[in-house]
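Summary of the model geometry
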Amino acid sequence: MSSKYVPSSNTAAQNQLIQWINEAGMVEGSRKADLFRKIIEVLLHQAPEMITVYMDNIMSYVNDKSNDVKKQVIAFIEEISKLHAEHLPKVVSHLQVLVTDTVIAVQKRAIQAASIVYQSALQWICKGGANITDMQFVWEHLTKLKLLVLNMIDNDNEGIRTHSIKFLEEVVKIQSPGEGIEEEFSLDNIPSNLPFINRKSLEEESEHIFMLLVKFHNSQHISSVNLMTCMATLCLLAKLRPRFMPRVVQALQDLHTTLPPTLSQSQVNSVRKHLKMQLLTLIKHPSSNEMLPQLTQLLLDLGMTTQELNKAVSKDRRSKRVGEIRNGDAPAKRFRVDSPQSNSQGSDSNSNSRSDFVQYDDDSQPVTKSAVTDDTLLEGVSNVENVVSLVMTTLLNHLPNEMPLGFITSYKPIPNAGSKTQKKSLAKMILALIKDEPAPVITQPTQPQPSLSDIAAKIPLLREDDEKTTLKNAVAKLQESTKADKQIENAVSKLMEETRQEYLKEEEKKATEKAIEKPIIPQTPSVPKLKQKVKLLKLQELTRPIPKEIKERLMLQAVGRILRAEKESAIGGASQIRSKFITIFASSYTPDIRDLVLDYILDDPANQIDLAMLWLYEEYAYMQGFNRLPVTLQPSKSHEKHDQNYNQLLCALITQICERGDPTVESSKDVLLRKIYSESPLITEEAVDYLKHLVNENKVPLLAMEILEELCIMRPPRAHKYVAALVCHVLNETEEIRETCLKSTLKVYQRGSEAVKKVIEKHALLYLGFITLGTPPPELFGSRHASRPWSDELYKLCLNLVMALFPLQEEIIIEVARIYGFAGAEAKRCVLRAVEGPIRALIGSSSNPAMRPAFQALLDECPRGAETLLTRLVHILTEKAPPTPELVARVRELYATRVSDVRFLIPVLNGLSKKEILAALPKLIKLNPIVVKEVFNKLLGLQNPNDEQVPISPEELLVALHLIDPNKADLKYIIKATALCFAEKQTYTQDVLSAVLQRLAEEPDVPVLMMRSVLQALTLHPALAPLALNILQLLVEREVWTNKVAWEGWVKCCERLQGRAAPAIAALPPAALALLPPHLAPHPVPHPAHPAPHPVPHPAHPAPHPVPHPAHPAPHPVPHPAPHPVPHPAQLVRQDMPFAATASPIEPLPPGMD
């Protein structure tokens, strides 16, 4: 990155770029994204000549963990393709990687940039001038990129599908002929001489993609956002490429007749509004002349008036199209008026009754058709819009000011208005008027026919599966469905008539009896009354109550009609009132009505979930006493009943949604369950237990646990009741469920109240207590497996929760230690292994871990049996920090009073005094060799990351090992310990060993292993031979031959020194010389005849000088040579010895020492 790559004028920009790039590598988050934005801005607009130098630095962040940084890299690739396309071979492969990124936001931004890069790359390839290999490389990656995005049109994410549609729009626009549009880049601009691009294949591919977009547009499961995006794409392609216009218009017609059933009413309104807007843009386009009738009809169906159409379509285009029709160019195929598909979808427009296409000439007068018949007129009269338009035109233009006399005399009310017969008669009258013939006489039917409005109100709505049902079939179905109603009405009427007749008979009978009982008195003239009292009519005296069975049947039928009137209520604006009626009926009346409403909701729970929630709230209001109890319910049992009703309804909704195998419900099961559990006013225990059941039976277990987590977080007052159903799954046999439950439990613990934390801690300690049992409890196996013995996996199950809580609640270590004391050996081993991670995590976040309150409490009151756990805890506390004086004092106190295991002292060895260490040394060397090695590393300072002050030097340690009483520790442990010391050659150098041997030689009693150590020292450092010779001479003065073990070592040392040992051998008395091996004995000296042998005292009773027998003369005393001074190790001169090369560093035990 030196300055030779750029002109001198850009030195400041280069330095700034270098600074930003280096800083971007060290920062994170939004700061890093801001730096990248500055880098890209400077590179592209201020120093473009530096792009080649720093491009690799920017491309290296394609896999950065920050999404904002990845988006900046995408923006850089996009700008490079537009401004500096020659660099495309270096960046196009990175864009392909970003399109397949795991982050949705990055994917969408990469697909958005791919549209621009695709066009820019094709333009760069078509210009030529670049290397043919680079152009082919770019085209191959563009082809792969196009295939990737094409497959993303079925992605689960709605945003990715939307961006994929826009990318495919760009591909179709580029890979299809321009049809005279020179401004746009199209297939015509691609040269035919490129060997790796086939224009015909590109055109076929664009046709295939266009058909794919049309198919996706007409899909029955498309979302509203994707539908409107695809609609806009097709309309844009139709305007830019007129050859697609007929197929686009046909697709829009299909959409209008068959909207996707998954859309809600508000989405349907939005889609139709968007469709109307797109149709207006199409009808204004010059290339839509051929499709003008179809577009006009669609706009009329969508509720657009003729005046609005005249404004949208210019007068010249309308005149031209009318002229084509007059010259014989028949308009396109007209839509069928009674198309059943138009009735299959409810909308806010009058799509169920379409009007014929109306053409207007220059004077805006309708063009009459060549042949007018009864059928055509009947079809026109059957259209409500035509009738309304005709009536309004007549009222506005042809209504006289005064009523004509002829109309007054001849007018008679039409009894069958709206019937088919009346429509036929009206059509004949209009036909006669058109042909100037006399009007036919209309015969009055004997019985009045129902009006058109009555028939329309009674026609049942058509479902999606009854699309082919005609109006005639619908009326027939209505007649069949009303037979039962008529029978009930007849029965009620007959019953009422019988009641009235019986009442009249009884009144007549009473009047007759009164007339017989009273004598006939002759009438006397009297003044007539001016007014008599009128007897009031009492309905109760004339009627009888309807039987209960009939009343319940009538109520069911009434509720059924209200349930089926969903679309009518929406059109009339009475949806809320209808929902209120349904919820009141369901919550206040018989179980049959409840079942009817529940079945209606469960038939389509995705669309009726709001009604279900209203019903739940109605039941809750009755249960809590917010609403006054209805008369239909018994006051004595009302509270119990409504409590039960609410619970039954909630559980019925949940269980039916989960267990009903309907494919339409399966796709929205998770959304429905979340809505019910999150929006219900109260979650009962049975509903919570059902979530536990879903997890235990492995039916959507992850969804059930997510809902439980949301309940615990979003409903704090009752969270302590819900959390028990969540935390119990930490013992689940499926690992994924356990991990998910553990994460959710920790999240709830961190955000929950004290009551929630107590419940979680209670369960954690309960599961921890399982390890003290002899056999695993049934909670660890569930219902699918039989009991089995304890294993490490089962122990881990019991420890998972408590170990996860330990970093959040460190006081729980006291309970862990208490239960640890009652556990078995295997359980303790698992606890020791599991507790390390949490303790280390807690120590890592603390500045003074040894003085944490929980650890201090455990040190103060260690439960019985938990000494090993406490030892492990102290080990971990002193790994990364030296032991504090408080910790050392507490450990020393526990060791003296409670803990007798010497391993308890190992973590704080460097904090003890030299005396305490030497006192514990005999016990320490008896431990496991690995532990002894760790102890010696601590004492020798080999594992001292904290630069602790070592209380004992290496010299003192080795001397202390030699001076250990064999009664306290066997020789084999001492030998192994000294061997560990000799193995540390970096610590026990020649100087250290020389000092050790001198101190051992000065001991009043010869240590047992001193001569063995002398031999090992000679093996490791042959230069210590003079020191060894002095030690031998010193031992002669102490009569070493009287100590069997030391004498054997003395002899072996002489053998090792060979000729150098002559002075020491010469200093031996004759009694000692007699004990030497033959190869070490000096030349024989003549003695008196039969000299008495010198007795050798037993090592157990050493004598300072041998006493000769009186009968034998004493041998001549051999003068002791003066001992040589022991030289300083630095003054020792190394001598080449033949045995030094083959000697072993560790000598075997001498004879008699095993």
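As the structure is a computational prediction, the values presented were derived from the model and not from experiment.

Moving on, we get to the overall build of the protein chain. For the protein chain, the helix and strand inventory stands at 52 helices and 0 strands. Among the 1154 residues that make up the protein chain, the fraction classed as buried is 42%. Across the protein chain, contacts joining residues at least 24 apart in sequence account for 69% of those joining residues at least 6 apart. Entry remark: accessible area of the protein chain is about 63500 Å², with carbon and sulfur atoms responsible for 55%.

Counting across every chain of the model gives 0 disulfides. Between Cys741, a cysteine without a disulfide, and Cys728, which holds the nearest cysteine sulfur, the sulfur-to-sulfur distance is 6.9 Å.

Right, let's talk about helix H37 (residues 792-805) for a bit. Its 14 residues place the ends of H37 20 Å apart at the C-alpha level, agreeing with the 20 Å of an ideal helix rising 1.5 Å per residue. Considering bend angle alone, the principal kink of H37 is centred on Leu799 and spans about 45 degrees. With 10 of 14 residues buried, H37 is to be regarded as a mostly interior element. By the burial criterion, the buried members of H37 are Leu794, Tyr795, Leu797, Cys798, Leu799, Leu801, Val802, Met803, Ala804 and Leu805.

Here we come to the side chain of His256. Note that His256 resides in helix H11 (residues 245-257). A residue is classified by how much of its surface remains accessible, and His256, at 3% relative accessible area, is buried. Among the polar contacts listed, one links the side chain of His256 to the side chain of Arg272, at a separation of 2.8 Å.

Another point: the packing of helix H2 (residues 30-45) against helix H4 (residues 67-83). Between H2 and H4, whose axes approach to 9 Å, the crossing angle comes to 10 degrees. Looking at the two axes, H2 sits roughly parallel to H4. Contacts between H2 and H4 involve Lys32, Ala33, Phe36, Arg37, Ile40, Leu43, Leu44 and His45 from the former and Asp68, Val69, Gln72, Phe76, Glu79, Ile80 and Leu83 from the latter. Taken together, the residues that form the contact of H2 with H4 break down as 9 nonpolar, 2 polar and 4 charged.

So, on to the packing of aromatic side chains. Under the defined criterion, the tally for this structure stands at 11 aromatic pairs. Summarising the aromatic geometry, the rings of Phe36 and Tyr61 are spaced 4.6 Å apart at their centres and angled 80 degrees between planes, so their arrangement reads as edge-to-face. Remark: Tyr61 occurs in the loop between helix H3 (51-59) and H4 and Phe36 occurs in helix H2; sequence separation between them is 25 residues. Just as Phe36 is buried, Tyr61 falls in that class too. A centroid spacing of 6.0 Å and a plane angle of 70 degrees characterise the contact between Tyr118 and Phe167, whose relative ring orientation is edge-to-face. In this pair, Tyr118 sits in helix H6 (residues 104-127) while Phe167 sits in helix H8 (residues 158-174), placing the two residues 49 residues apart along the sequence.

Glycine aside, residues mostly have negative phi, and peptide bonds are mostly found in the trans state. If you check the backbone angles, Asn698 has positive phi at about 60 degrees while not being a glycine. Position of Asn698 among the secondary structure elements: in the loop between helix H32 (685-696) and helix H33 (701-714). Residue Asn698 is classed as partly exposed on the basis of its relative accessible area, which comes to 48%. Unlike most non-glycine residues, Val700 shows phi in positive territory, near 40 degrees. Residue Val700 is classed as partly exposed on the basis of its relative accessible area, which comes to 32%.

Taken over all residues, the pLDDT of the protein chain has a mean of 75, while the share at 70 or more is 75%. Confidence drops under a pLDDT of 50 for residues 325-370, and excluding neighbours within four residues, the segment shows 96 contacts in the predicted structure. Across residues 636-640, confidence stays below pLDDT 50; counting only partners more than four residues off in sequence or on other chains, it has 2 contacts.

Looking now at the pattern of salt bridges. Scanning all chains against the criterion turns up 27 salt bridges. Of the charged contacts in the structure, one is a salt bridge between Lys173 and Glu170, with a shortest N-O distance of 3.4 Å. Residue Lys173 and its partner Glu170 are located together in helix H8, separated by 3 residues, close to a single helical turn. Each member of the pair Lys173 and Glu170 is classed as buried. Here the salt bridges do not stand alone but share partners, grouping Asp610, Lys675 and Glu679 into one network.

Taking 1.5 Å per residue, 14 residues should reach 20 Å; H33 reaches 20 Å between its end C-alpha atoms and fits that length. Within the span of H33, buried status applies to Pro701, Leu703, Ala704, Met705, Ile707, Leu708, Glu709, Leu711, Cys712 and Ile713. Summarising the contacts, the buried residues of H33 are in contact with helix H31 (669-679), H32, helix H34 (719-727) and helix H35 (735-751).

With that settled, consider a nonpolar patch on the surface. Nonpolar side chains collect at one region of the surface, where Val384, Val387, Val388, Val391, Met392, Leu395, Leu396 and Leu399 lie side by side and expose about 720 Å² of accessible area between them. Counting through the fold element by element, Val391 comes out in helix H17 (residues 384-397).

Further remarks concern the environment of Ser60. Structurally, Ser60 is set in the loop between H3 and H4. On a C-alpha basis, the gap between Ser60 and His94 in space is 9.5 Å, while along the polypeptide they are 34 residues apart. A distance of 2.5 Å separates a polar atom in the side chain of Ser60 from the backbone oxygen of Asn57.

The next point concerns the environment of Pro863. By the secondary structure assignment, Pro863 is in the loop between helix H40 (853-860) and helix H41 (867-877). In this structure, the C-alpha to C-alpha distance between Pro863 and Ile814, residues 49 residues apart in sequence, is 8.2 Å.

Together, Asp592, Asp595, Asp599 and Asp603 make up a region of like negative charge exposed at the surface. Locating Asp603 in the fold gives a position in helix H27 (residues 591-603). Residue Asp603 is classed as exposed on the basis of its relative accessible area of 56%.

With that settled, consider the environment of His163. Mapped onto the fold, His163 is located in helix H8. You can call His163 partly exposed: its relative accessible area is 24%. Between the C-alpha atom of His163 and that of Ile153, which follows or precedes it by 10 residues, the distance is 8.7 Å. In contact with His163, other than residues within four places in its own chain, are Lys108, Ile111 and Gln112.

Time to look at the packing of helix H45 (residues 954-962) against helix H46 (residues 971-983). Running from N to C, H45 and H46 cross one another at 160 degrees; their axes reach a closest spacing of 10 Å. The angle between the axes of H45 and H46 places the two elements in the roughly antiparallel class. Crossing angle aside, the handedness with which H45 passes H46 is left-handed. Between H45 and H46, the contacting residues are Leu957, Leu958, Leu961 and His962 on the first element and Ile974, Ala977, Thr978, Cys981 and Phe982 on the second. Tallied by class, residues from the contact of H45 with H46 come to 7 nonpolar, 2 polar and no charged.

The next thing to look at is the side chain of His763. Tracing the chain through its elements places His763 in helix H36 (residues 754-769). For His763, the residues in contact, after removing those within four places along its chain, are Ala724, Val727 and Leu801.

Definitions and limits used
- Residues numbered from 1 in each chain as written.
- Predicted model: local features only at pLDDT ≥ 70, side-chain atom pairs only at ≥ 80, totals over all residues.
- Heavy atoms only, no water.
- Helix = DSSP H or I, 4+ residues; strand = E, 2+ residues; numbered from the N terminus.
- Buried < 20%, exposed > 50% of the residue type's maximum accessible area, 1.4 Å probe, protein only.
- Contact = heavy atoms within 4.5 Å.
- Areas by Shrake-Rupley, 256 points an atom, 1.4 Å probe, with all protein chains shown as cover.
- Disulfide = S-S within 2.5 Å.
- Expected span 1.5 Å × (residues − 1).
- Bend = angle between axes of the 7 residues up to and from the residue.
- Polar contact = N/O pair within 3.5 Å; in protein donor to acceptor, adjacent residues only side chain to side chain.
- Axes fitted to C-alpha atoms, helices over the stretch in contact; angles between N-to-C directions.
- Parallel < 35°, antiparallel > 145°, perpendicular 65-115°, else oblique.
- Nonpolar A, V, L, I, M, F, W, Y, C, P; charged D, E, K, R; others polar.
- Phe/Tyr/Trp six-rings, centres within 6.5 Å; stacked < 30°, edge-to-face > 60°.
- pLDDT = per-residue confidence, 0-100.
- Salt bridge = Lys/Arg side-chain N within 4 Å of Asp/Glu carboxyl O.
- Patch = residues over 30% accessible without salt bridge, like charges linked within 9 Å, V, L, I, M, F, W, Y side chains within 5 Å.
- Lys, Arg positive; Asp, Glu negative; His and termini not counted.
- Charge placed at Lys NZ, Arg CZ, Asp CG, Glu CD.
- Left-handed = near helix turned anticlockwise from the far one by under 90°.

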